[in-house]
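Examination of the molecular architecture
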Amino acid sequence: MKSGWPKNAVEMAHVLIHTVVEQGDFVVDATCGNGKDTVFLARLVGEKGKVLAIDVQPLAMERTKSLLQKEGLGSRVTLVRDDHSLIRHYLREPVKAAMFNLGYLPGGDKRVVTRPETTIAAMREILSAVVPGGLVTVVAYTGHPGGVEELEALLSYVRGLPQHEFSVMQSCYINQVHHPPQLIAVGKNRGDT
């Protein structure tokens, strides 16, 4: 974990996830992309933990697998090439944390993007599997066609989550140029709060 103030939404998501994930946990990277979040999660869960990383694109699978091999973390991760809206088929145990990075695969085909209906379906499935005290982070990018609409649909969904069960936060680095990504964090409340 880097010290100092996180400089963007992805780093802030890492800070938040770091506060809840412990060695031995089961966690999810719901959009593994280039594999950076997958590697981050694999380090956090340690040798006895498990990461499920899913992405619909073959290039994302290749890049993530390569990065995991380079870092020596492949044994901690199950890679699944599928739409994240179908994640329920791969969740075998309660989830401590999950991460989403929406939009397109950096360096990939910019026409292949996450969509509101699949992202919200995946969120529903993961939130139902998250343990009390667990956390889901979503970094939503709006600089591509459909990005604003996906963010708006996602915000509408998370605003409707019951307050007694979930705590939802939205954050953005407002002085960044172009279209700074939004961070949404959804924590599942413990019964004692």
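What comes next concerns the included structure. Nothing here was measured: the structure is a model prediction, and the numbers come from that model.

With that settled, the discussion passes to the packing of helix 1 (residues 9-18) against helix 2 (residues 36-45). Direction vectors running N to C along helix 1 and helix 2 enclose 20 degrees, while the axes themselves pass 11 Å from each other. One way to sum up the angle between helix 1 and helix 2 is to call them roughly parallel. Where helix 1 crosses over helix 2, the handedness of that crossing is right-handed. Residues Val10, His14, Ile17 and His18 of helix 1 lie in contact with helix 2, whose contacting residues are Asp37, Phe40, Leu41 and Leu44. Looking at the contact of helix 1 with helix 2 residue by residue, the classes come out as five nonpolar, two polar and one charged.

Summed over all chains, the structure comprises six salt bridges. Lys96 serves as the salt-bridge partner of Asp25, at 3.3 Å between the closest nitrogen and oxygen. One end of the pair, Asp25, is in the loop between helix 1 and strand 1 (26-29); the other, Lys96, is in strand 4 (residues 95-101), and 71 residues separate them in sequence. By the burial criterion, Asp25 is buried, and Lys96 matches it. For Arg43, the salt bridge identified is with Glu71, shortest N-O distance 2.5 Å.

About the thresholds
- Residues numbered from 1 in each chain as written.
- Predicted model: local features only at pLDDT ≥ 70, side-chain atom pairs only at ≥ 80, totals over all residues.
- Heavy atoms only, no water.
- Axes fitted to C-alpha atoms, helices over the stretch in contact; angles between N-to-C directions.
- Helix = DSSP H or I, 4+ residues; strand = E, 2+ residues; numbered from the N terminus.
- Parallel < 35°, antiparallel > 145°, perpendicular 65-115°, else oblique.
- Left-handed = near helix turned anticlockwise from the far one by under 90°.
- Contact = heavy atoms within 4.5 Å.
- Nonpolar A, V, L, I, M, F, W, Y, C, P; charged D, E, K, R; others polar.
- Salt bridge = Lys/Arg side-chain N within 4 Å of Asp/Glu carboxyl O.
- Buried < 20%, exposed > 50% of the residue type's maximum accessible area, 1.4 Å probe, protein only.

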